[in-house]
Amino acid sequence: MTVKHRKLHRYIWFAFAFLLPLGWLAAIWVIPETIWQTPVHLGQPPQLTNLLQSKESGDFVINLRQDSTEQLKQIEIFIKKPQVNPSTVVILETIDSIKGNKEQLLGMLGSRGVWRFNLDSLTINHPDFKVRLEDNIQHLTLRSITFKH
Amino acid sequence: MSVIYDPIHWTAHKRLYDWLLLTFVVIYLALFSGLQVLLFPQITLETIVIRATGTLAFLMLHIILCIGPLCRLDKRFLPMLYNRRHFGVTMFLIALVHGAFSIFQFHALSNTDPLVSLFGSNTHFDSIARFPFQSLGFFALMILFVMAATSHDFWLKNLTPPVWKTLHLGVYLAYALLLMHVMLGVIQLEQSPVLIGLIGFGMFTVISVHVLAASRQMKKDRAAQPYKNEVGISSIQSLKYNVPAGFVYACEVSEIPENRAKMLIIQGENIALFKYENKLSAVHNLCKHQNGPLSEGKIIDGCITCPWHGYQYLPENGQSPPPFTEKVCTYDVLVDGTQVYLNPKPYPEGTARPPALIGL
């Protein structure tokens, strides 16, 4: 190495001897107490009392429930086996041969557990509908289950 | 040394070194992957590949960074220097697998362009804890790519050693980026004291050997300037009436070991003064290949041999023995009793100069 290069090396490493430990310590200093990755689960609505219909498809059990006053309806999904898809979207599609089908996003499923989604009044009064489970990252329809009145 | 551009100039030593390197890589990957499967039974193949290649490449980079200063501190490490480029290119390929799998796993499974996703999915540039660490890794990989792509002697020759050396200083920036890539990435998520300790140990090792080698070299550079801080060169000359004009005192004959050299910096000239077969010859200290320090090499088979990659020069004329064509500058040397005098005005590269005879 030329004398100039040796000097350059020396300056770089004398600077690094100060800067790198500073970066290392700063990174340790800011380590969060809670892990950023911890999934945040929104509170789920309580299970409605009456089971109207139950369908099973693959690793999923999908229940249609209703409360005792018959004013509220609910879709309840059991995931029997942990899923590999990181995010599964639940879409409800009302079937109407005259006005055309309508889609409504109910929410997302995690990889395991029980998930409940209350239905709005329009859907409640609609006789037939489909529940579709989709992997919206890979654009795949995982399941499509039809409920008929 | 080679008179042609071989893709790889294989030697028995190089083959052995590469086999050892490959064995190390395979054993590391197998052990690491096995441990991951045992410790985390639900781990996916992609995650194993990302972790195994990431840790291996980072470990290899630490070793690569330590080789240079270790060689300056202890010549027994020199065989590692001869083949450091293979080590570096292997490290880059492993880092590339890590980068490719990471981009695939985290950014390629949507309808967004993976690179747009890489730079757009996290824009917390104002936060240390949530800094987009993946972009640091990406830029480090780009630097390593440039270095691996220009590692061949073809580029060394065409870019010239000073430019090539400056370009390859980029590895230090890559190391700094990767250190922060790890510290702001996996450390923020895993929070493992063992990992933090290992990374700290690696960092302090790399810094220590570099600072130590640089300090030692600084002392050597000072010692190579015989009277810089004591008396002026002209007054030294005037002390000796029998020394021709232009010559300056260099050192005592006894200061140079047989078949070895003393480095001198006189009037800005970096000179290697060799003693061999009761003779003294001086050549420019920088090897034509990678500007290696010829003064740290020795005379083998009658040739000055560069300690870095074994390039050779004849001490009397600074020329590589045929069929090689490399040449370095030569200088006039004079011996007066036990004292050695040297004219720091260089002769054109490859000019034959009679060696000074000791004891006449």
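Placed above this text is the structure.
Parameters at a glance
- Residues numbered from 1 in each chain as written.
- Chains lettered and ligands numbered in written order.
- Predicted model: local features only at pLDDT ≥ 70, side-chain atom pairs only at ≥ 80, totals over all residues.
- Pairing = 2+ DSSP bridges.
- Helix = DSSP H or I, 4+ residues; strand = E, 2+ residues; numbered from the N terminus.
- Axes fitted to C-alpha atoms, helices over the stretch in contact; angles between N-to-C directions.
- Contact = placed C-beta atoms within 7 Å.
- Nonpolar A, V, L, I, M, F, W, Y, C, P; charged D, E, K, R; others polar.
- Parallel < 35°, antiparallel > 145°, perpendicular 65-115°, else oblique.
- Left-handed = near helix turned anticlockwise from the far one by under 90°.

(A) Inspection of the sheet that holds strand β7 (residues 312-313) of chain B at higher detail. Residues and elements named next belong to chain B. One open sheet holds the three strands; their spatial order is β5-β6-β7, and the pairing between them is antiparallel. Lying at the two open borders of the sheet, with one neighbouring strand each, are β5 (298-300) and β7. Examined bridge by bridge, β5 and strand β6 (residues 303-305) share three bridges and lie antiparallel to one another. Each residue of the ladder has a partner; that of isoleucine 299, found in β6, is isoleucine 304.

(B) Region of the structure containing the sheet that holds strand β1 (residues 50-57) of chain A. Residue and element names in this part refer to chain A. Taken in spatial order, the four strands line up as β1-β2-β3-β6 in an open sheet, and their pairing is antiparallel. The open sheet has two edge strands, β1 and β6 (113-118), and neither has a second partner. Across this sheet, the average inter-strand angle for adjacent strands is 20°, counted without regard to direction. Two elements, β1 and strand β2 (residues 60-66), share seven bridges in a ladder whose sense is antiparallel.

(C) Geometry of the interface of chain B and chain A. Counting residues at the interface gives 32 residues for chain B and 28 residues for chain A. Of all the secondary structure elements, the ones that give two or more residues to the side of chain B that touches chain A are α8 (161-167), α9 (170-184), α10 (186-190) and α11 (193-223) of chain B. Considering every element that reaches the side of chain B that touches chain A, the biggest residue donor is α11 of chain B, with 10 residues. Residue composition of the side of chain B that touches chain A, by class: 22 nonpolar, eight polar and two charged.

(D) Main features of the packing of helix α1 (residues 12-39) of chain B against helix α4 (residues 84-107) of chain B. All names here are of chain B. Following both chains from N to C, one finds α1 and α4 inclined at 30°, their axes separated by 10 Å at the closest point. If you check the angle between α1 and α4, you find them roughly parallel. Once α1 is placed against α4, the crossing between them reads as right-handed. Counted together, Tyr17, Asp18, Leu21 and Val25 of α1 and His86, Phe87 and Thr90 of α4 form the full contact between these two elements. Across the contact of α1 with α4, the residue classes tally to four nonpolar, two polar and one charged.

(E) Examining unusual backbone geometry more closely. Residue and element names in this part refer to chain B. Looking along the chain, the bond that leaves proline 322 and enters proline 323 is cis, with omega of 10°. With respect to the secondary-structure elements, proline 323 resides in the loop between β7 and β8 (330-336). Even without glycine at this site, glutamate 277 takes up a positive phi of about 45°. Following the sequence through the fold, glutamate 277 ends up in the loop between β3 (269-276) and β4 (279-284). Residues other than glycine seldom take positive phi values, yet asparagine 278 does so here, at roughly 65°. For asparagine 278, the position within the fold is in the loop between β3 and β4.

(F) Summary view of the packing of α1 of chain B against helix α2 (residues 45-73) of chain B. Residues and elements named next belong to chain B. Running from N to C, α1 and α2 point in directions that differ by 135°, and their axes come no closer than 10 Å. When the axis of α1 is compared with that of α2, the two are oblique. Where α1 crosses over α2, the two elements pack in a sense that is right-handed. Of the residues in α2, those in contact with Val25, Tyr28, Leu29, Phe32, Ser33 and Gln36 of α1 are Ile48, Arg51, Ala52, Thr55 and Leu56. Of the residues that constitute the contact of α1 with α2, the class distribution is seven nonpolar, three polar and one charged.

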